[in-house]
Amino acid sequence: MFSLFYGLWKYIFSKTEFHVLILGIDKAGKTTLLEKLKSVHSNLEGLPPDRIIPTVGLNIGRIEVANSKLVFWDLGGQPGLRSIWEKYYEEAHAVIYVIDAACPSRFEDAKSALEKVLRHDDLQGAPLLILANKQDLTDAASAEELARYLDLKKLDERVYIFEAVSAYDGMGIKESVEWLVEVMERSKRTEMLRARAGVTGPVKRKWGLVSTWRGLQKFMSACILTSSEQDDLQLWLFPSPMVAVLIGKKDQMRKKKCQVCAEE
Ligand SMILES: Nc1nc2c(ncn2[C@@H]2O[C@H](COP(=O)(O)OP(=O)(O)OP(=O)(O)O)[C@@H](O)[C@H]2O)c(=O)[nH]1
Ligand SMILES: [Mg+2]
């Protein structure tokens, strides 16, 4: 009995975890962005910009958005450190690519590093969020100007967006993350990573499966079978939000399960 309700509780309230890589050349503002992400999306105070030093290893940040857990991997962007990026590609659900929009002299470097990222097989189909960072500075290029400048050819098949943000004042960050969650939930890349991890079934979207009566009925019919094997319990579903729990026989439960299946 306990296991049944615990299973149901876990099913409804557990969150899908996504791994998001934060890439970009050095001084683009990746770590400052990560700290801002933490303060915008959780109660945690991120590190203030004046305490952030150039990244040599890896910074990890976790936030929760709606029904999802996001784990960010922020890597160092100095030329000698970029060869490490690819070690994280295989497990990533999506990529955030940060560009210092106020520094045109480094656009070419940012562009060629991004093209290299996009060519890599291990990142096939990963949604891409390109951030034109440092919008608090008056001479920063807009998202459209940056898109025109980068003129990326390898984006045809990929879900992507350019967004103008400021890791200092938080402009555009919430919207960017919401977009990311939305596309990761639907992406083929997520399906592929889930299949590889041996997880079956669709990604839960907010109340997804259980939001309709049919979804609830399907889920509970699966529960009946599981619990009947263990606890000798029976669950009957009625066409209302109420669920009645009765003690009964296993074979009746199987019959009920078959009726549910036969309707499909
Ligand atoms: N004005 C302004 N400065 C920013 C912003 N984001 C980052 N910076 C500054 O840009 C510099 C580099 O920021 P970092 O976050 O360390 O850059 P990074 O991309 O993590 O650099 P690496 O770790 O070396 O790859 C720092 O001086 C930050 O304070 C922003 O939105 N606006
Ligand atoms: Mg950094």
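Here, every reference points to the structure presented above.
Residues numbered from 1 in each chain as written. Chains lettered and ligands numbered in written order. Predicted model: local features only at pLDDT ≥ 70, side-chain atom pairs only at ≥ 80, totals over all residues. Heavy atoms only, no water.

Participant: Provide a residue-level description of the overall build of the chain, including the pertinent values.
Facilitator: Each helix and strand in the chain was counted, giving eight helices and eight strands. When the 264 residues of the chain are sorted by exposure, 47% land in the buried category. In the chain, the share of contacts with a sequence separation of at least 24, taken over all contacts with a separation of at least 6, comes to 69%. Carbon and sulfur atoms provide 56% of the accessible area of the chain, an area that totals close to 14500 Å². (Helix = DSSP H or I, 4+ residues; strand = E, 2+ residues; numbered from the N terminus. Buried < 20%, exposed > 50% of the residue type's maximum accessible area, 1.4 Å probe, protein only. Contact = heavy atoms within 4.5 Å. Areas by Shrake-Rupley, 256 points an atom, 1.4 Å probe, with all protein chains shown as cover.)

Participant: So what's going on with the site of ligand 1? Residues and values would help.
Facilitator: Neighbouring ligand 1 are 20 residues, the closest being Lys-30, Thr-32, Gly-77, Asp-136 and Tyr-168. Between ligand 1 and the protein, one listed contact pairs an oxygen atom with a backbone N or O atom of Ala-28 at 3.2 Å. Here an oxygen atom of ligand 1 sits 3.3 Å away from a polar atom, N or O, in the side chain of Asn-133. Protein burial of ligand 1: of its 650 Å² of free accessible surface, 86% is covered by the chains. Among the detected pockets, ligand 1 sits in the largest pocket. The greatest single-element share of the shell around ligand 1, amounting to three residues, is contributed by helix α2 (residues 30-41). Here the residues of the shell around ligand 1 sort into seven nonpolar, eight polar and five charged. (Near = heavy atom within 4 Å. Polar contact = N/O pair within 3.5 Å; in protein donor to acceptor, adjacent residues only side chain to side chain. 1 Å grid on protein atoms, 1.4 Å probe; cavity = no way out; pocket = protein on both sides within 12 Å on 5 of 7 lines; lining within 4 Å. Sits in = over half its atoms within 2 Å of the grid points. Nonpolar A, V, L, I, M, F, W, Y, C, P; charged D, E, K, R; others polar.)

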